[in-house]
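The lines below spell out each chain.
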Amino acid sequence: MEAGGAADSLLSGACVLFTLAMYSTGLSDLRQMRTTRSVDSVQFLPFLTTDINNLSWMSYGALKGDGTLIFVNATGAVLQTAYILVYLHYCPRKRPVLLQTATLLGVLLLGFGYFWLLVPNLEARLRQLGLFCSVFTISMYLSPLADLAKIIQTRSTQRLSFPLTIATLLTSASWTLYGFRLGDPYIMVPNLPGVLTSIIRLWLFWKYSREQDRSHPLLQT
């Protein structure tokens, strides 16, 4: 039991560490916005969808009584909210951003109202909320597939972030193992696409960096 408890603690710590490292990659966007005092080349929607995802998983963690889920997603929600506020501060056209934010927050509030008021059974609420969180997370992991298609067409990985790819791989893998350890498919299954898409990104980095080396042999030492 002690060995099992140590393994659980180690796995929980890995989930916290890798997830917070992944969230902290947004600090580069934060610094860029503050330095340039603009939001050029910074995308707003990932901040918003990640914030909604964090709040949803935090609710699932509270319902399940899982301290790891609560801590990680509460911290993530605070960070994403900070990114959103900074983006709003420097964004010249605030109305579309506020409209997107209000729309998603409205959907989130309606969802919370449904789960907490219309689904009185705790087990049914846990299943339905877990399913919602899983579907939302899978859609977030699969959304960059269009970018991967463009990368293959242009044969360039400039639009990819290598640190974010590594952080996403480690985060997805640790949560997959965490869900497997708990026997919770709602945690395990949605993180598998994150592992898969991260491996595809690493393969693209390897493939096109080798092609660039072959096309510039004089730069090799």
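Since the structure is predicted, the reported quantities are computational estimates derived from the model, not experimental observations. (Residues numbered from 1 in each chain as written. Predicted model: local features only at pLDDT ≥ 70, side-chain atom pairs only at ≥ 80, totals over all residues. Heavy atoms only, no water.)

**A few points about the overall build of the chain**
Move 1: Counting its secondary structure elements, the chain contains nine helices and zero strands.
Move 2: In sequence order, the secondary structure elements of the chain are arranged as α-α-α-α-α-α-α-α-α.
Move 3: When burial is assessed residue by residue, the chain has 41% of its 221 residues classed as buried.
Move 4: Accessible area for the chain stands at about 12800 Å²; split by element, carbon and sulfur atoms hold 67% of it. (Helix = DSSP H or I, 4+ residues; strand = E, 2+ residues; numbered from the N terminus. Buried < 20%, exposed > 50% of the residue type's maximum accessible area, 1.4 Å probe, protein only. Areas by Shrake-Rupley, 256 points an atom, 1.4 Å probe, with all protein chains shown as cover.)

**What about the pattern of salt bridges?**
Move 1: A full pass over the atoms with the stated rule returns two salt bridges.
Move 2: Residues D184 and K64 are paired through a salt bridge, measuring 3.1 Å at the closest nitrogen-oxygen approach. Taken as a pair, D184 in the loop between α8 (162-182) and α9 (185-215) and K64 in helix α3 (residues 45-64) lie far apart in primary sequence, 120 residues in all. (Salt bridge = Lys/Arg side-chain N within 4 Å of Asp/Glu carboxyl O.)

**Quick notes on unusual backbone geometry**
Move 1: Within the chain, R37 stands out as a residue other than glycine whose phi angle is a positive 55°.
Move 2: Secondary-structure assignment places R37 in the loop between α2 (26-36) and α3.
Move 3: Given a relative accessible area of 57%, R37 falls into the exposed group.

**Thoughts on the UniProt feature "transmembrane region" (unreviewed entry) in the chain**
Move 1: As recorded in UniProt, the feature "transmembrane region" (unreviewed entry) lies at residues 6-23, 69-90, 97-117, 160-180 and 186-206.
Move 2: Spanning residues 69-90, this segment combines 100% helix with 0% strand, and its end C-alpha atoms are found 32 Å apart. (UniProt positions renumbered as here; feature names shortened; annotations may be inferred.)

**Focus on the packing of α2 against helix α4 (residues 67-90)**
Move 1: Two elements in contact, α2 and α4, have axes whose closest approach is 10 Å; the angle formed by their N-to-C orientations is 25°. Accordingly, the angle class assigned to the pair α2 and α4 is roughly parallel. Remark: the crossing between α2 and α4 carries left-handed chirality. Across from G26, L27, L30, M33 and R34 in α2, the residues of α4 making contact are Y83, V86, Y87 and Y90.
Move 2: By residue class, the composition of the contact of α2 with α4 is seven nonpolar, one polar and one charged. (Axes fitted to C-alpha atoms, helices over the stretch in contact; angles between N-to-C directions. Parallel < 35°, antiparallel > 145°, perpendicular 65-115°, else oblique. Left-handed = near helix turned anticlockwise from the far one by under 90°. Contact = heavy atoms within 4.5 Å. Nonpolar A, V, L, I, M, F, W, Y, C, P; charged D, E, K, R; others polar.)

**With respect to the confidence of the model for the chain**
Move 1: Summing up the model confidence of the chain, the mean pLDDT is 84 and the portion of residues at 70 or higher is 90%.
Move 2: Residue range residues 216-221 is modelled with pLDDT below 50. Its contacts to residues more than four positions away, or to other chains, number two contacts. (pLDDT = per-residue confidence, 0-100.)

**What to know about the packing of aromatic side chains**
Move 1: With the rule as written, the count across this model stands at seven aromatic pairs.
Move 2: Relative to F136, the ring of F132 lies with its centre 6.0 Å away and its plane at 35°, an arrangement referred to as tilted. In this pair, F132 and F136 are both assigned in helix α6 (residues 122-142), four residues apart and thus about one turn of the helix distant.
Move 3: Taking the relative accessible area as the measure of exposure, F132 reaches 33% and is therefore partly exposed.
Move 4: For F136, a relative accessible area of 17% gives the class buried.
Move 5: A ring pair is formed by W175 and Y178, whose centres lie 5.3 Å apart and whose planes are at 85°; its orientation type is edge-to-face. Pair noted here: W175 and Y178 are both in helix α8, with a separation of three residues, about one helical turn. Y178 matches W175 in its accessibility class, with the two residues each being buried. (Phe/Tyr/Trp six-rings, centres within 6.5 Å; stacked < 30°, edge-to-face > 60°.)

**Some details on the environment of Q153**
Move 1: Mapped onto the secondary structure, Q153 falls in helix α7 (residues 145-154).
Move 2: Note: C-alpha distance between Q153 and T171 (18 residues apart in sequence) is 28 Å.

**Some words on the nonpolar core**
Move 1: W57, Y60, L69, L129, W175, Y178 and I187 are the most contacted members of the largest nonpolar core, which totals 18 residues.
Move 2: Listed by contribution, the elements that provide at least two residues to this core are α1 (2-24), α3, α4, α6 and α8.
Move 3: Considering every element that reaches this core, the biggest residue donor is α1, with five residues.
Move 4: Setting aside residues no more than four positions away along its own chain, Y178 makes contact with L11, S12, C15, D66, T68 and I187.
Move 5: Within the second largest apolar cluster, 15 residues are counted, among which are V42, F44, V86 and Y90. (Core = buried A, V, L, I, M, F, W, Y, C linked by side-chain atoms within 4.5 Å.)

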